[in-house]
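Now for the letters of each chain:
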Amino acid sequence: MSSYRIQGATGEWEVVIGLEVHAQISTQAKLFSGAATAFGAEPNTQVSLVDAAMPGMLPVPNAECIRQAVRTGIAIGAVINPWSRFDRKNYFYADLPQGYQISQLYHPLVGEGAVTITPDDKKPDETKVIGVERIHVEQDAGKLMHDQHPTMSYVDLNRSGVALMEIVSKPDMRSPAEAGAYLAKLRTILRYVGSCDGNMDQGSMRADVNVSVRRPGEPFGTRTETKNVNSVRFVMATVEYEASRQVDVLEAGGKIVQETRLFDPDTGTTRSMRSKEDAHDYRYFPDPDLLPLVLQPAFIEECRASLPELPDAKRARYETALGLSAYNAGVLTAEAETARWFERLIAESARRQGKTEAEVARAASNWLTSELFGALNKLGRTLSDSPVSPEAGAELLALVGDGTISGSIAKQVLEKMLESGDAPGVIVEREGLKQTSDTGAIEAAVDAVLAANADKVEQYRAGKEALFGFFVGQTMKAMQGKGNPQLVNQVIKARLG
Amino acid sequence: MSELTDLGIAAIRDGVAKGDFTATEVAQAFNAAVAEANPALNAFIVTTPDHALAAAQRVDAARAAGQPLGKLAGVPIGMKDLFATKGVQTTAASHILEGFVPPYESTVSQRLWDAGAGMLGKLNLDQFAMGSSNETSAFGNVISPWRAAGDNAGRAPGGSSGGSSAAVAARIAAAATGTDTGGSIRQPAAFTGISGIKPTYGRCSRWGIVAFASSLDQAGPMARDVTDCAIMLEAMAGFDAKDSTSLDLPVPAWSAQLSDDLKGLKVGIPREYRIDGLNADVAKSWDDGIAWLKDAGAQVVDISLPHTRYALPTYYIIAPAEASSNLARYDGVRYGLRDLPEGAGLQDMYAATRAAGFGSEVKRRIMIGTYVLSAGFYDAYYTQAQKVRTLIARDFEEAFRQVDVILTPTAPSAAFVLGQKSDDPLEMYLNDVFSVPASLAGLPAMSVPAGLDRQGLPLGLHLIGRPFDEQGVLNAGLAIERRAAFTARPEKWW
């Protein structure tokens, strides 16, 4: 369905993409030890005897990590395997204290599932289903620091043993936009579920990007794997660069080597890290320190029951039950936090205005997506650090709703709310922004405007009806925007009629 | 009264409790015996007289204050140097861990200290528990206190728990801890005329024990007699949340329920253990064992364990495979030996450190294990071995439908002369031929002294029980112990 094609010298090429996403499970403690997992702690302050692989230390699975991975699996409609097992992946590196990573090769915790993506924001109705092969649980490694000493490297084991989910997609993506949309959607789902904070800049989520190219309709080509790409934008750039590089190689008569590559964010290019010939023999075998992981049906059910409303369901509900546009529904459900904010806004709006949520939702969604987002954007802020709370927003919407202020005054009030953090009612009162419905005052203002513009009154009466707006604007200006627009209209019409 | 060092666990505990002597006197007597014997026997890698004394003084103080005393109150024991002991060097008898002082205490050793025992020192062993003679220790081999009649050649104390067996047999420790992966408690016990039990896999926590082969390693007591083994095992065993393979079962009162009345008990004699060329003295002691168990009221039944001949090859795939991975952590990065040649990079450091730190038997097993797990060989070796392991376990399941306990010899011979087998690994591995099947099946098994061979060296008999039935094994062991009336002890030459 994707029409993304690379135009080579010899014709069109199609790109095939699969992602292996490593997502850090949001738990207080590591996968097999009680050590803490907070980001940004001093080096080697969150390391237990198990994480440092001291002699005689043994791993004990952290049930909460398993629970979060199962919840994630259920959220993408995946098969949950009631029997799974941990394997050791053996290799030597200074950031890997045990000399092996505990992972799941042969029997993963979660089997096949799927993620529905919307590759183009502007076409919210065009969706595509991306298959997920499996999710397994594994340990993270530590970190080497090469900048501490002229000739030596230092090791920080804070991350050693932190729980990761590896979410392996099928090779179902066909364009950079699809790869980006898949990663963004996965992040949305993880954040809704609460199993991963999705903070790619802190390394909580990163992707290995598998890319190959082929002539449309032909079998898969040889793929390369670009490791540890840590933003949606970089994933898209990796696909774009790697696909065109591969096309260039193939069209020049070369062959694609199955290899591991690195993405360089500064240049937007990838470079070879090691080829398949140098690949490790990981000597996977079942970890004899751990028993098979057997999940009881009640445990899986508890995981299912604990899930919140997920983004696809929420988006559909916003459109059907709340009557929002597909675009607004998409924007408001893209982040769990936005949806939470919006739902508090409409709950409070409905309460204040004595209406149903469905009755206030459209106005609220328009105000949120155009007014508040725009204003926050100008300030370089997001909803999470917005000076305006959903309750304050609802109060502002209620002031418009009951005619206390006009829509244009509401914009001024919002600006003052963002500056001062004060409640809208307080601002309206203090600044005297209340809308005037005093007919006498409006008539006086209209009369003054008409008297001062006698020539234009003549022209209007001669048929130049477009001048009506001019009289309204002049009246509102004279009243500093506080005249009730409906009444102003009525009075002008009466006087000129 | 005989010397205090002649006493075992029960006698010391009861004597201290009654006030016949103080725990401090016992600790002093054993400390002195260790100091006298160790230069000759090399049973201890380090001695810790202060630890033994401090534990004894706490027991004496508790007794004086009228407080309740633990199961092992006042008993000085030796600790195999595979158990991490807080503040005391723990080496696994390997140069790679020389000087390593753990900031933590293994679960089993902590339980023993909590029961009132004191530590005389850390006992020598085969390096990383890999060996059957103690000759692979980086700290020199242990010499058995036993000598053949008219022959002063140094004998192997068995292995890997050879420091433990030698110390208990020489009466320089009231008892000792051992660990058993393929026979490392039972074979040394047999070689030195003492008792030792490997409980069901999972009875004793592995937390804090330097790992050899995780799916096989089990700690157990080595002591003067069956009763002492039962008492000490009660203190060592029990669920530990820090070990995922630990059994979450209550610890039975084995010592209180000991009985040598075997009426109604069926004892299996596996025909596959009667191997070609079985040593005549060993065969005779096996026949003695059968007669003693009959005398105790048991019915003897011939059984078959058809996959026995595959046990040793299976063991020598699985154990090295796990070891090759378990020993990857000794890399020179965080603790232990680091050999960093001038200008070396990370890979060079690994190679230099591990080449210098590991002994040749350890290297051999790491290479075997790496090979059987490598791509292209995994299915042919490791997967196949796991299948055979299942068949071996099934043999026992079948057998235990007919019988309650199985009797075999512990080892194919009495203690050999040091150096005799050290050049031939396969010959050495054959020492475990009778002990390995129970390890692969995770079953409780013990060795008890049965008598002396014609050279005057001890022979052991081996009892294998159903999972969790340590009581059945101990009771059959007690029946043999009472009838064998084994009182021989090595003549003091040190």
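The shown structure was predicted, so the numbers you read here are calculated from the model rather than taken from an experiment.

Rules and cut-offs
- Residues numbered from 1 in each chain as written.
- Chains lettered and ligands numbered in written order.
- Predicted model: local features only at pLDDT ≥ 70, side-chain atom pairs only at ≥ 80, totals over all residues.
- Helix = DSSP H or I, 4+ residues; strand = E, 2+ residues; numbered from the N terminus.
- Rg over C-alpha atoms; globule rule 2.2 N^0.38 Å.
- Buried ≥ 20, exposed ≤ 12 C-beta atoms within 10 Å, placed from the backbone.
- Contact = placed C-beta atoms within 7 Å.
- Axes fitted to C-alpha atoms, helices over the stretch in contact; angles between N-to-C directions.
- Parallel < 35°, antiparallel > 145°, perpendicular 65-115°, else oblique.
- Left-handed = near helix turned anticlockwise from the far one by under 90°.
- Nonpolar A, V, L, I, M, F, W, Y, C, P; charged D, E, K, R; others polar.
- Domains from an automatic or database assignment.
- Pairing = 2+ DSSP bridges.
- pLDDT = per-residue confidence, 0-100.

A. Highlighting the overall build of chain A. What chain A contains, in helices and strands, is 15 helices and 16 strands. In summary, chain A has a C-alpha radius of gyration of 30 Å against a globular reference of 23 Å for 497 residues, an excess of more than 25%. With respect to the principal axes defined by its C-alpha atoms, chain A has extents near 95 × 55 × 55 Å. Here chain A, with 497 residues, has 42% of them falling under the buried criterion.

B. Just the overall build of chain B, in detail. Helix and strand counts for chain B stand at 15 helices and eleven strands. Whereas a compact globule of 494 residues would reach a radius of gyration of roughly 23 Å, chain B reaches 21 Å, a difference of no more than 12%. The long-range fraction of contacts in chain B, counting pairs at least 24 apart against all pairs at least 6 apart in sequence, stands at 78%.

C. Fine view of unusual backbone geometry. For the bond from Gly159 of chain B to Ser160 of chain B, the omega torsion is 10°, close enough to zero to count as cis. Relative to the assigned elements, Ser160 of chain B resides in the loop between β3 (118–123) and α5 (162–169). Backbone geometry at Ala53 of chain A places phi at a positive 55°, although glycine is not the residue there. One non-glycine residue with positive phi stands out, namely Arg283 of chain A, at about 45°.

D. Highlighting the packing of helix α10 (residues 407–420) of chain A against helix α11 (residues 424–431) of chain A. All names here are of chain A. Contact geometry of α10 with α11 gives a least axis separation of 10 Å together with a crossing angle of 110°. When the interaxial angle is binned, α10 and α11 end up roughly perpendicular. Considering the relative orientation of α10 and α11, their crossing is right-handed. Each of Val413, Lys416 and Met417 in α10 lies in contact with α11, whose residues at this interface are Pro424, Ile427 and Val428. In terms of residue class, the contact of α10 with α11 is built from five nonpolar, no polar and one charged.

E. Structural context of the interface of chain A and chain B. Each partner contributes residues to the interface: chain A has 26 residues there, and chain B has 34 residues. Residue composition of the side of chain A that touches chain B, grouped by class: 18 nonpolar, four polar and four charged.

F. Looking closely at the domain arrangement of chain A. Residue and element names in this part refer to chain A. One can read the domain layout of chain A as domain 1 (6–303), domain 2 (309–431) and domain 3 (439–496). Here domain 1 and domain 2 have C-alpha centroids that lie 37 Å from each other. In this complex, domain 1 contributes ten residues to the contact, which on the side of domain 2 involves nine residues. Sorting elements by how many residues they give to the side of domain 1 that touches domain 2 places helix α2 (residues 176–193) first, with four residues. Residue composition of the side of domain 1 that touches domain 2, grouped by class: four nonpolar, three polar and three charged.

G. Structural detail: the pairing of strand β5 (residues 195–198) of chain B. All names here are of chain B. The two faces of β5 match: Ser195 and Ile197 on one face and Gly196 and Lys198 on the other face are all buried. Here β5 pairs with strand β6 (residues 218–223) via two bridges, running antiparallel. Looking across to β6, one finds that Gly196 is bridged to Met222.

H. Layout of the confidence of the model for chain B. For chain B, the mean per-residue pLDDT works out to 97, and 100% of the residues sit at or above 70. The ipTM assigned to the predicted complex is 0.96, against a pTM of 0.91.

I. Region of the structure containing the sheet that holds strand β4 (residues 87–90) of chain A. All names here are of chain A. What the three strands build is an open sheet, ordered β5-β4-β15; its pairing is antiparallel. Looking along the sheet, the strands with just one partner apiece sit at the ends: β5 (100–103) and β15 (285–286). Pairing geometry for β4 and β5, over four bridges, is antiparallel. Of the residues in β5, the one forming a bridge with Arg88 is Ile102.

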